[in-house]
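Residue-level listing of the chains:
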Amino acid sequence: MAAVVKPPGEPTAKPGGLRAWLYKRLPIEEFLETQLTGYFAPKNFNVWYFFGFIAIVVLVIQLVTGIYLTMFYKPGEATSFDSVEFIMREVNSGWLIRYLHSTGASAFFIVVYLHMFRALLYGSYKAPRELLWVFGMLVYLALMAEAFMGYVLPWGNMSYWAAQVIVNVFGVIPGIGPGLVEWIRGDYGIADSTLNRFFALHVAAVPLGLLLLVVLHLVALRRTGSSNPDGIEIKEKLGADGKPLDGIPFHPYYTVKDTFGISVFLVLFAIVVFFVPTLNGLFLEHANFLPADPLSTPEPITPSWYFTPYYAMLRAIPNQRLGALVLVFGVMSYMFLPWLDRSPVKSMRYRGWLSKAFLTLFVISFLGLMYLGLQLPTRTAQIMARILTVPYLAYFWLMPFYTRWERCKPVPERVRFHAHG
Amino acid sequence: MADSGVIADNAVDDSRRKFLLSATVATGAVGVAFTAVPFIASWTPSERARALGAPVDFDLSKLEPGQMATVIWQRQPIYIVRRTPEMVASLAGHDSRLKDPKSEDSDQPPYATNQMRSRVADYLVLIGVCTHLGCLPKQRFDRGNPELGADWPGGFACPCHGSRFDLAGRVFEGSPASVNLKVPPYALADARKLIVGVNDVKGAA
């Protein structure tokens, strides 16, 4: 391909040196060329395009701090809570490693939610990026499983009751439900057996799956290339040299941009870690500083903030099976977006007012449900959650209609980009 | 060619190849399914967990009328309430506000399938686990509890998702829970001794 400047494998290093020796044995040169210097990304990325890279950095933070936590943590009904306190009080810098990990979990979801919103805003999930989106959603599901099981490990009282509630959701499946719940727990209630298997899944099985899915997500991204705020395929406008006219090499342009983004992120991250690691009960809930007690349910019992939009839906429905169904439906709806969206344009910039209104209502209902899920289950909260569930689901399932009815603006030939003065 | 049993050097018998391929895949799949059995079985309750799930005794003389005690059986809290005559009388007045007043869709032994949901009117025995998602319903025995409204007849309220139950563990309309609180198998050995986990006293031996 003309985009490649040098023939791949031709070492830039002097012959006889270590780099030349390596290049002969590992495809380093090709990798750098195809993935960084020869990979062209649209030149009009804005602030919304930081979050994919930040998510990878958070994943690395979680892997490193997680490995260190397993060196001091002892899974088990009798040992878990004490070993976490041991980490907090007696392991040197243990408190920092744990707070990095617990803050990292919340940061992961903040970053992923912003990353997902970017896709909704600019239609990044639309053809040809359907699989990219589906892999991303699978990453999100794996992340939810990982976060839930990790939350159980400190064996605080909220850990115990979160496990009780979430595992019981499986009980509504007709026929096999109760047997399935007992199988997941390995006992008649949430017990030592549950804690130990969650530990195994949290530190080994799910992270392996998560890494595989992240790789698939990136491989699919490299195949289609990134979308951009204008929703124009840059590969369709190639210059005489065969390079996209509106593309710039990922390295050095976006490596530098992402370095700036990650610097800002790490400053905010450090502020939380050092000054407000519990974020007033939002990142680490107060009830979880008490050991698990099967005879005392915390009031109110709420999952971590990143699950509360779905939890609010579950609580809002006055029927067990229907509530669980709405919860699953609410989470899985994202998966179908590429096929629900019938709009001829990708970006919200060129869509009609209906798409904009539905997306706005969706964001309001998502945040509203998130808030309600953290409150006590009063009648008002229940009714509010029921009302907000409607625009949430309507955004997805009315999409085939409103994206076809509305009148879109013409999409420009080339991406709009103004260099800074 | 196939008749003579001789195949020319370069000829490929497609149907034979297809058969061998599917036979290999099918055999492999059966092997994988059988190999999965021990791994799936390892997650079921262990022998130790099962042994610890044996019946438990409770001394009823500890309870005054209107009081509740909690014992653990099979890792579940068991609520034992000694109901006052007023509490028993309160059960008759609100059938129209219940989802399953006759306990037809709910889970209880046959001897508890009645309005009181118990063997005897004085003692109520329930699994204290909300049938919605497993939280512990709190005891709210006072009539007209300010949180639950002036028409509250006394009962249990779940702090997690707001399910409400009466003094027989029957669920009120408007609760996310769909069925009444479960009644565990239990037996009354004598005036003082209650056994949770068996249907009759002989079974407890």
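Residues numbered from 1 in each chain as written. Chains lettered and ligands numbered in written order. Predicted model: local features only at pLDDT ≥ 70, side-chain atom pairs only at ≥ 80, totals over all residues.

Caption draft 1: Quick look at the overall build of chain A. Along its length, chain A carries 16 helices and two strands. Here the C-alpha atoms of chain A give a radius of gyration of 24 Å, agreeing with the 22 Å that 2.2 N^0.38 yields for 421 residues. Overall, chain A is about 75 × 65 × 45 Å in size when its C-alpha atoms are taken along their principal axes. Here chain A holds 421 residues, and the buried ones make up 40% of them. Partitioning the contacts of chain A with sequence separation of at least 6, the portion at a separation of at least 24 is 75%. (Helix = DSSP H or I, 4+ residues; strand = E, 2+ residues; numbered from the N terminus. Rg over C-alpha atoms; globule rule 2.2 N^0.38 Å. Buried ≥ 20, exposed ≤ 12 C-beta atoms within 10 Å, placed from the backbone. Contact = placed C-beta atoms within 7 Å.)

Caption draft 2: Broad picture of the overall build of chain B. Check the secondary structure of chain B and you find three helices and nine strands. Secondary structure elements in chain B, listed N-terminal to C-terminal, are α-α-β-β-β-α-β-β-β-β-β-β. A principal-axis box enclosing the C-alpha atoms of chain B has dimensions of 95 × 40 × 25 Å. Counting every position in chain B, which comprises 205 residues, the buried fraction comes to 32%. Excluding contacts between residues fewer than 6 apart, the proportion of contacts in chain B whose partners are at least 24 apart in sequence is 53%.

Caption draft 3: Summary view of the environment of A41 of chain A. Tracing the sequence through the fold places A41 of chain A in strand 1 (residues 40-42). When residues no more than four places from it in sequence are discounted, the contact partners of A41 of chain A are S226, G247, I248, F250 and Y254 of chain A.

Caption draft 4: How the structure looks around the sheet that holds strand 8 (residues 186-188) of chain B. All names here are of chain B. The three strands lie next to each other as 1-9-8, forming an open sheet whose pairing is antiparallel. Edge positions in the open sheet fall to strand 1 (56-59) and strand 8, since each of these has one partner strand only. Strand-to-strand twist across the sheet, computed as the mean angle between neighbouring axes with direction ignored, equals 20 degrees. Pairing analysis gives four bridges linking strand 1 to strand 9 (residues 193-196), with the strands arranged antiparallel. Along strand 9, the bridge assignment pairs F58 with L194. (Pairing = 2+ DSSP bridges. Axes fitted to C-alpha atoms, helices over the stretch in contact; angles between N-to-C directions.)

Caption draft 5: Expanded view of the sheet that holds strand 7 (residues 164-166) of chain B. Residue and element names in this part refer to chain B. Across the sheet, three strands lie side by side as 5-6-7; this open sheet has antiparallel pairing. Pairing within the sheet leaves two strands with one partner each, and these edge strands are strand 5 (138-140) and strand 7. Here the strands of the sheet are splayed against their neighbours by 30 degrees on average, with no regard to which way each runs. Pairing of strand 5 with strand 6 (residues 155-157) involves three bridges; the strand directions are antiparallel. Residue K138 lies in a different strand from strand 6, and its bridge partner there is A157.

Caption draft 6: Representation of the interface of chain A and chain B in the model. Each partner contributes to the interface: chain A provides 28 residues, whereas chain B provides 25 residues. Within the residue set of the side of chain A that touches chain B, elements represented by two or more residues are helix 7 (157-169), helix 8 (177-185), helix 9 (192-224) and helix 12 (320-332) of chain A. With five residues, the top contributor of residues to the side of chain A that touches chain B is helix 7 of chain A. Considering only residue class, the side of chain A that touches chain B consists of 13 nonpolar, ten polar and five charged. (Nonpolar A, V, L, I, M, F, W, Y, C, P; charged D, E, K, R; others polar.)

Caption draft 7: View of the domain arrangement of chain B. Each assigned domain of chain B is listed with its residue range as follows: domain 1 (1-44) and domain 2 (55-204). Between the C-alpha centres of domain 1 of chain B and domain 2 of chain B there is a distance of 57 Å. (Domains from an automatic or database assignment.)

Caption draft 8: Structural context of the packing of helix 11 (residues 308-316) of chain A against helix 14 (residues 353-373) of chain A. Residues and elements named next belong to chain A. Following both chains from N to C, one finds helix 11 and helix 14 inclined at 70 degrees, their axes separated by 7 Å at the closest point. In terms of orientation, helix 11 lies roughly perpendicular with respect to helix 14. Between helix 11, through T308, P309, Y311, A312 and M313, and helix 14, the contact on the second element is made entirely by F366, L369, M370, L372 and G373. Of the residues belonging to the contact of helix 11 with helix 14, the class tally is eight nonpolar, two polar and no charged. (Parallel < 35°, antiparallel > 145°, perpendicular 65-115°, else oblique.)

Caption draft 9: Local environment of the domain arrangement of chain A. Domain boundaries assigned for chain A yield domain 1 (1-38) and domain 2 (42-313). In this structure, domain 1 of chain A and domain 2 of chain A have C-alpha centres spaced 35 Å apart.

Caption draft 10: Just the pairing of strand 9 of chain B, in detail. By the bridge criterion, three bridges tie strand 8 of chain B to strand 9 of chain B in an arrangement that is antiparallel. Directly across from Y186 of chain B, in strand 9 of chain B, lies its bridge partner V196 of chain B.

Caption draft 11: Summary view of helix 11 of chain A. The element helix 11 of chain A is largely enclosed, with a buried count of eight among its nine residues. For helix 11 of chain A, the complete set of buried residues consists of P309, Y310, Y311, A312, M313, L314, R315 and A316 of chain A.

Caption draft 12: Examining the nonpolar core more closely. Membership of the largest hydrophobic core comes to 125 residues, with the highest contact counts inside it found for M313 of chain A together with C135 of chain B. Among the elements that take part in this core, helix 6 (residues 130-152) of chain A stands out by supplying eleven residues, more than any other. When neighbours within four sequence positions are excluded, C135 of chain B is seen to be in contact with W161, V165, T297 and I301 of chain A together with C130, C158, P159 and C160 of chain B. (Core = buried A, V, L, I, M, F, W, Y, C linked by C-beta atoms within 7 Å.)

Caption draft 13: View of the packing of helix 11 of chain A against helix 15 (residues 379-397) of chain A. Residue and element names in this part refer to chain A. With their axes 8 Å apart at the nearest point, helix 11 and helix 15 run at an angle of 115 degrees to one another. Taken together, the axes of helix 11 and helix 15 are roughly perpendicular relative to one another. Helix 15 is crossed by helix 11, and the crossing has left-handed handedness. Between helix 11 and helix 15, the contacting residues are A312, M313, R315 and A316 on the first element and Q382, A385, R386 and T389 on the second. Taken together, the residues of the contact of helix 11 with helix 15 sort by class into four nonpolar, two polar and two charged. (Left-handed = near helix turned anticlockwise from the far one by under 90°.)

Caption draft 14: Molecular detail of the pairing of strand 2 (residues 68-73) of chain B. Residue and element names in this part refer to chain B. Bridge count between strand 2 and strand 3 (residues 76-82): six bridges; the pairing is antiparallel. Its bridge partner lying in strand 3, A69 is registered against I80. Hairpin connection from strand 2 to strand 3: two residues lie between these consecutive antiparallel strands, with Q74 at a positive phi of about 50 degrees.

Caption draft 15: Region of the structure containing the environment of T255 of chain A. All names here are of chain A. Considering the arrangement of structural elements, one finds T255 in helix 10 (residues 250-275). Judged by the 13 C-beta atoms lying within 10 Å of it, T255 is partly exposed. Counting along the chain gives 41 residues from T255 to V214, while the straight-line C-alpha distance between them is 19 Å.

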